[in-house]
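The residues making up each chain are set out below.
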Amino acid sequence: MLLHAEGEIVFAVPAGATRFWGGFGIREGAYSGSGHTAGVRFYLDGAWTSGRRKRLWSRYLDPVGREGDRGTQRLNVALSADPPARLILHTAPGLADDNRWDWSYVAALRFDAPGSR
């Protein structure tokens, strides 16, 4: 799913969830040919019913400057024994704060829980 920076998806955390994982990246045309992305920042925050909010994971992709940031990357975050009620996956423009080429996406996002699969 295309999640152009600046974008956000909110997930309700299912009871018993132990892990959140999937793929993310920047579409190839944003950094190849005439594409000039300045990169995309990806964040995953947890939000508890108490109002507490905590950054659980973050990653900055710069596919123009780092070949290893090209293609689909993997997100794999363990959830604590006191998991948040919601997860917020947020994309933001890169360091230049220019989102014209920030064709970011997420793929196959899912929760793991005991007995799932």
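What you see is a predicted model; the values in this text were computed from it and never measured.

Draft legend 1. Spotlight on the environment of S50. Within the element layout of this structure, S50 appears in the loop between β3 (40–47) and β4 (53–61). We classify S50 as exposed; its relative accessible area is 64%. Among the polar contacts made by the side chain of S50, one reaches the main-chain amide nitrogen of R52 at a distance of 3.4 Å.

Draft legend 2. Region of interest: the packing of aromatic side chains. Considering all chains together, one arrives at six aromatic pairs under this definition. Ring centres 5.2 Å apart and planes at 80° place the aromatic pair F24 and W57 in the edge-to-face group. Placement of the pair is F24 in strand β2 (residues 19–26) and W57 in strand β4, with a sequence separation of 33 residues. Summarising the burial analysis for this pair, F24 and W57 share the class buried.

Draft legend 3. Here's a closer look at unusual backbone geometry. Along the chain, A5 connects to E6 via a cis peptide bond; the corresponding omega equals 20°. Within the secondary structure, E6 is located in the segment before β1 (7–12).

Conventions used here
- Residues numbered from 1 in each chain as written.
- Predicted model: local features only at pLDDT ≥ 70, side-chain atom pairs only at ≥ 80, totals over all residues.
- Heavy atoms only, no water.
- Helix = DSSP H or I, 4+ residues; strand = E, 2+ residues; numbered from the N terminus.
- Buried < 20%, exposed > 50% of the residue type's maximum accessible area, 1.4 Å probe, protein only.
- Polar contact = N/O pair within 3.5 Å; in protein donor to acceptor, adjacent residues only side chain to side chain.
- Phe/Tyr/Trp six-rings, centres within 6.5 Å; stacked < 30°, edge-to-face > 60°.

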